[in-house]
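What follows is each chain in one-letter form.
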Amino acid sequence: MAAAIACAVAAALLVLCPAWASAAAAVGEGRRLHTLFSVECGDYFDWQAVGLLHSLRKAGQPGGVTRLLSCAEGQLPSYRGLRIGHTLQVPSFSRHPRTGDWYPAINKPAGVVHWLKNSPEADNVDWVVILDADQIVRGPIIPWELGAEKGKPLAAYYGYLKGCDNILAQLHTAHPEFCDKVGGILAMHIDDLRALAPLWLSKTEEVRQDKSHWSTNITGDIYGMGWISEMYGYAFGAAEVGLRHKINDDIMIYPGYTPRPGIEPLILHYGLAFNVGNWSFSKLEHHDDGIVYDCNRLFPPPPFPREVEMMEPDPNVKRGLFLSIECINTLNEGLLLHHASVGCPKAQWSKYLSFLKSRRFSELTKPKYWTGEIVESTMIQHVALSKANRENPKIHTLFSTECSSYFDWQTVGLMHSFRLSRQPGNITRLLSCTDEDLKNYKGHDLAPTHYVPSMNRHPLTGDWYPAINKPAAVLHWLNHVQTDAEFIVILDADMIMRGPITPWEYDAKLGHPVSTPYEYLVGCDNILAKIHTRNPSACEKVGGVIIMHIEDLRRFAMLWLHKSEEVRADKAHYATNITGDIYASGWISEMYGYSFAAAEINLRHIIRKDIMIYPGYVPLPGAKYKVFHYGLRFGVGNWSFDKADWRNADVVNTCWAKFPEPPDPSTIMQEDLEARERDLLSIECGRALNKALYLHHKRRNCPRLDTIHSTSSNKVERIVRESSRSRNRGKSESMDSAREKTVERVAATIPPVHKSRRLARSSRMWIIAVWALSIIVFLLVISIFFTDRRRSASRSRVSRSMKAHV
């Protein structure tokens, strides 16, 4: 009886305390568990390690945890983080010893191989969980409870690894049919890891060297730089040894994404920038941040839960926001505890600090336990995923630019926003350049690119009209690129994305593209449409954002180009009262080319006013705009922005150059709610451009010369404002020549930054020289003085001696 009661009590405790149950299960026969993650020597990985280790302890992860620390010999003497967690030092593989290739991501498989060969832990483990450093764990990750089996590891879904479906897999594995698109979290039996690890490393090297297949359309890497070679190394290595994964698309989520209803993700992977309201976080902004070693300093606190509660009415979207703030709050909690553990003084009280120590926060972040279904068969899981993927058609996004600094900074802004927007599918920049331009062009790495011959100067008429490059480039892409996308989204370079633009949200379909209204295209209502299309009644005033079925685009693209040429050649109808073009110069001929071509084949648009807004315009009530189109000057108070002022300023290749900072949103206090919303959107657009430039400069490893470059940037801004005022006063210079002079002055302003440093150093040298000379002169005078004294004293003694003898 007593034994039965004891068993009942034990069972009840296990039900009430899932963490105890998991821990108890983890020490069972054949269930010894170990967790690994890979880092490098540096502040960037140190704060990530502190956050991950803290979250693992908080989640109750059973078994040991080892940090695989890859350091070059020259880094170790100055490295401060050797005491962060249980660590195995691993030789750095960042610079390949044979090829010289710089690829730090290869340290992950190299570190795992080193651990297997050199660590006693590897001989006393049955199961291994491999994580990334930039993750927060919310609950115990126990492989067998999540469905992993020997020969069938568990992993998260990485759908963008399109190389599993094409020539890349066929080249790099004998079993391309086994290639699984997985990553993020790997949970597998130790025997599987022993078989896989050497191939994971060798396949990573192999893919990294295959530069001819780095392009975005083959790999899915938006940079087209081979950066995800390690992920393919894993996928191809696993295929080679016949591992078939249990793929889980819910166990891990990127903060900023919304989880499926009823799902509690166990891992927050903050590899991408994310925001909650006006607050945002990007790990790249803290690349050189020594926050681990600055006592009681934390990352900027996110909104409090009660503030998030009021932000979003949709309960599931709200859950996504709560996950975002939980991620950074847990990271900050880990930093706070780390600072205390190394002897930092007690932090000063603050509302945020009080929240992190509160029972409320403890309740919100208590360990979560996986309640989703366990898929028994890899095949079933693959079928489920493929069905889910077929629910929505594939999308590809295009935008057109030219080889110039003007389009380069726009590209940086659009690409940054594309990455944040969660836009499905890939993106391609259609880059129109002459052969001569390409020789000197520096911006090849700014976006996945399809190169197009420039049509700026028409080959037949000699007409200078760069806008025609847009339809010409789309046609060139269709004729030269194979795509499996069902819908194409076409944007302009001077846009910032705020969210995904999808055909299913706006009901685009074959024969019915989606676009935004361009009411100033008055030529649809008059003689212009009657001259240039046989179906003027179908002419629609649209543009800006286009969502079109690929088959419609194939029929339409050639007409778009031809109609643009036709309208451009019709100079007799350039007048403003006919076209709506305020310059009456035929500049919007390409827009009419689009409308007339669409009318010609009777494409009828779904026109949506809630997709795109020009900053400076009053938003529609309740509209959730997906795109800022900053084609016109806009401003808030004394601050303003006009893209035309920056036509030739090279802010992309000038370290830390940026645009004038918009006001702080907290200063916008208008009682007029419409004006307040308008100004907040304008500020958001301006800040997005500057943030994109900041991250771009950081990726290019610009030196830390913030103060100097800030001064330079302010000078550039002042010059641009002066140029703008001179144009507004109606000086005789043309728009283009004024801009050229502006840029000459801007270009002349930036180099003196380095000149000023040389002058400063020169001045310091002169000061040091003067001081040194002064000291030498002083010592010389003193020496002469004391020499004279000694001579006088000597003469005096001689005189006294002579007198004595006398």
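By convention here, each chain's residues receive numbers from 1 onward along its written sequence. Whole-chain, interface and lining totals are the exception, using all residues; otherwise, since this is a predicted model, local features are given only for residues with pLDDT of at least 70 and side-chain atom pairs are given and counted only at 80 or more. As a rule here, side-chain values cover all heavy atoms of the structure and leave hydrogens and water aside.

- Per an unreviewed UniProt entry, the chain carries the name Hydroxyproline O-arabinosyltransferase-like domain-containing protein and comes from Urochloa decumbens.
- UniProt positions are given in the numbering used here, feature names are shortened, and annotations may be inferred rather than shown by experiment. Entered under Subcellular location (unreviewed entry) in the UniProt record, the comment concerning the chain runs "Membrane".

Side note on the overall build of the chain
Right, on to step 1. When you go through the chain residue by residue, the secondary structure sums to 25 helices and 24 strands.
Right, on to step 2. Burial classification: accessible surface area is computed with a 1.4 Å probe over protein chains only, and a residue below 20% of its type maximum counts as buried, one above 50% as exposed, and the rest as partly exposed. Burial statistics for the chain: of 806 residues in total, 51% are counted as buried.
Right, on to step 3. Contact definition: two residues touch when any of their heavy atoms are within 4.5 Å. At a minimum sequence separation of 6, the contacts of the chain that also span at least 24 residues come to 75%.
Right, on to step 4. Counting only carbon and sulfur atoms, one obtains 57% of the accessible surface of the chain, whose full area is about 38500 Å². Runs of H or I in DSSP of at least four residues are treated as helices and runs of E of at least two as strands, each being numbered from the N terminus. Only the protein chains shown count as cover for residues, and all accessible areas are computed by the Shrake-Rupley method using a 1.4 Å probe.

Quick word on the pattern of salt bridges
Right, on to step 1. Criterion for a salt bridge: a side-chain nitrogen of Lys or Arg within 4 Å of a carboxyl oxygen of Asp or Glu. Here the structure, examined in full by the defined rule, presents 42 salt bridges.
Right, on to step 2. Of the charged contacts, one joins D494 and K643 as a salt bridge, the two residues approaching to 2.7 Å between their closest N and O atoms. Here D494 is found in the loop between β16 (487–492) and β17 (495–497), whereas its partner K643 is found in the loop between β24 (639–641) and α22 (673–699), with 149 residues between them in sequence.
Right, on to step 3. Using a relative accessible area of 5% as the deciding quantity, one classes D494 as buried.
Right, on to step 4. Residue classification places K643 among the buried positions, given a relative accessible area of 17%.
Right, on to step 5. Across the pair K626 and E505 runs a salt bridge, and its minimum N-O distance is 2.7 Å. Of this pair, K626 sits in the loop between β21 (612–613) and β22 (627–629) while E505 sits in helix α17 (residues 503–506), placing them 121 residues apart in sequence.

A look at the state of the cysteines
Right, on to step 1. Two cysteine sulfur atoms form a disulfide, by the criterion used here, when they sit within 2.5 Å. Counted according to the given criterion, the structure contains six disulfides.
Right, on to step 2. Across a sulfur-sulfur distance of 1.6 Å, C403 and C433 are joined as a disulfide pair. Taking the sign of the S-S torsion, 90° for the link of C403 and C433, the bridge is right-handed. Placement of the pair is C403 in the loop between β13 (395–402) and α14 (405–421) and C433 in strand β14 (residues 426–433), with a sequence separation of 30 residues.

Topic: the sheet that holds β22
Right, on to step 1. By the convention used here, strands pair only if DSSP detects at least 2 bridges between them. Ordered in space as β17-β22-β21, the three strands form an open sheet in which the pairing is mixed. Strand pairing shows two members of the sheet lacking a second neighbour, β17 and β21, which therefore form its edges.
Right, on to step 2. As judged from the two bridges shared by β21 and β22, these two strands associate in the parallel manner. Within β22, the residue paired with I613 across the bridge is F628.

Some words on the packing of helix α3 (residues 43–59) against helix α10 (residues 315–341)
Right, on to step 1. Here an angle of 0 to 180 degrees is reported between the N-to-C directions of two axes, which are lines fitted to C-alpha atoms, with helices fitted over the stretch in contact. Taken N-terminus to C-terminus, the directions of α3 and α10 make an angle of 100°; their axes are 8 Å apart at the nearest point. Classified by the interaxial angle, the pair formed by α3 and α10 is roughly perpendicular. Contacts between α3 and α10 involve W47, V50, G51, H54, S55 and K58 from the former and T330, L331, E333, G334, L335, L337 and H338 from the latter.
Right, on to step 2. Tallied by class, residues from the contact of α3 with α10 come to five nonpolar, six polar and two charged. Put simply, angles under 35 degrees are roughly parallel, angles over 145 are roughly antiparallel, angles from 65 to 115 are roughly perpendicular, and the rest are oblique. Classification used: nonpolar for Ala, Val, Leu, Ile, Met, Phe, Trp, Tyr, Cys and Pro, charged for Asp, Glu, Lys and Arg, polar for all others including Gly.

Considering the packing of helix α19 (residues 550–569) against helix α21 (residues 589–600)
Between two packed helices, what matters for the description is the angle formed by their axes and the separation of those axes.
Right, on to step 1. One way to put it is that α19 packs onto α21 with a least axis distance of 7 Å and a crossing angle of 130°. As far as their axial angle goes, α21 and α19 are oblique. Crossing of α19 against α21: the hand is right-handed. Facing α19, whose interface residues are F556, L559, W560, K563, S564, V567 and R568, α21 presents S589, E590, Y592, G593, Y594, F596, A597, A598 and E600.
Right, on to step 2. Of the residues assigned to the contact of α19 with α21, the class counts are nine nonpolar, three polar and four charged. Whether a crossing is left-handed or right-handed is set by the direction in which the near helix is turned from the far one by less than a right angle, anticlockwise for left-handed and clockwise for right-handed.

What about helix α6 (residues 190–209)?
Working note: α-helix, 3.6 residues per turn, so residues spaced by three or four point in the same direction.
Right, on to step 1. For α6, spanning 20 residues, the distance from its first C-alpha to its last is 29 Å, which sits close to the expected 28 Å at 1.5 Å a residue.
Right, on to step 2. Bend is computed residue by residue as the angle between axes fitted to the seven residues ending at the residue and the seven residues starting at it. Considering bend angle alone, the principal kink of α6 is centred on L196 and spans about 35°; proline P198 follows within four residues of it.
Right, on to step 3. Every buried residue belonging to α6 is among I190, D192, L193, L196, A197, W200, L201, K203, T204, E205, V207 and R208, and all of these are buried.
Right, on to step 4. The inward-facing, buried residues of α6 abut α4 (107–118), β4 (127–131), α5 (167–172), β7 (182–189) and α8 (229–240). Helices are assigned an expected span. That span is 1.5 Å times one less than the residue count.

Brief notes about the packing of aromatic side chains
Right, on to step 1. Here a pair means two rings of Phe, Tyr or Trp (six-membered ring of Trp) with centres within 6.5 Å. Their orientation is stacked below 30 degrees between planes, edge-to-face above 60, and tilted elsewhere. As enumerated under the stated definition, the model contains 36 aromatic pairs in all.
Right, on to step 2. A ring pair is formed by W47 and Y270, whose centres lie 6.1 Å apart and whose planes are at 20°; its orientation type is stacked. Of this pair, W47 sits in helix α3 while Y270 sits in the loop between β10 (267–269) and β11 (274–276), and the two are 223 residues apart along the sequence.
Right, on to step 3. A relative accessible area of 0% means that W47 is categorised as buried.
Right, on to step 4. For the pair Y406 and F407, a centre-to-centre distance of 5.4 Å together with 70° between the ring planes defines the contact as edge-to-face. The pair formed by Y406 and F407 is uniform in burial state, with each residue classed as buried.
Right, on to step 5. Linked through ring pairs, Y406, F407, W409, Y630, F634, W639, F641, W646 and F659 together constitute an aromatic cluster.
Right, on to step 6. Both a distance and an angle decide whether a charge sits over a ring: NZ of Lys or CZ of Arg must be within 6 Å of the ring centre and within 35 degrees of the ring normal. Sitting over the ring of Y257, R422 keeps its end group 5.2 Å from the ring centre.
Right, on to step 7. Across the ring face of Y406, the terminal group of R647 is positioned such that the distance to the ring centre comes to 4.3 Å.

Let's talk about the confidence of the model for the chain
Detailed reading of the predicted coordinates is not advisable wherever pLDDT is low.
Right, on to step 1. For every residue, the pLDDT score states the predictor's confidence, bounded by 0 at the bottom and 100 at the top. Summary statistics for the chain give a mean pLDDT of 85 and a share of 83% for residues scoring 70 or more.
Right, on to step 2. Considering only residues more than four positions removed or in separate chains, one finds that residues 374–390, a stretch of pLDDT under 50, has 24 contacts.
Right, on to step 3. Long-range and interchain partners of residues 794–806, a stretch whose pLDDT sits below 50, account for zero contacts in this model, where long-range means more than four residues apart.

Details of the sheet that holds strand β15 (residues 449–453)
Right, on to step 1. With respect to topology, seven strands assemble into an open sheet ordered β15-β14-β13-β16-β19-β18-β20, the strand pairing being mixed. The sheet terminates laterally at β15 and β20 (606–607), the two strands that pair on one side only.
Right, on to step 2. Sheet contacts for helix α16 (residues 469–480): β13, β14, β15 and β16; angle to β15, the most-contacted strand, approximately 115°.
Right, on to step 3. Relative to the sheet, α19 contacts β16 and β19 (542–549), its axis offset from that of β19 by approximately 135°.

Things to note about unusual backbone geometry
Right, on to step 1. If you check the backbone angles, N296 has positive phi at about 65° while not being a glycine.
Right, on to step 2. Looking at the secondary structure, you find N296 in the loop between β12 (279–281) and α9 (305–309).
Right, on to step 3. Of note in this structure, N602 is not a glycine but carries a positive phi near 60°.
Right, on to step 4. Its place among the elements puts N602 in the loop between α21 and β20.

Notes on the environment of E566
Right, on to step 1. As for its placement among the helices and strands, E566 is situated in helix α19.
Right, on to step 2. The class for E566 is partly exposed, based on a relative accessible area of 32%.
Right, on to step 3. Here a polar contact is taken to be a pair of N or O atoms separated by no more than 3.5 Å, where protein atoms must pair a possible hydrogen donor with a possible acceptor and residues adjacent in sequence count only if both atoms sit in side chains. A polar side-chain atom of E566 sits 2.7 Å from a polar atom in the side chain of H532.

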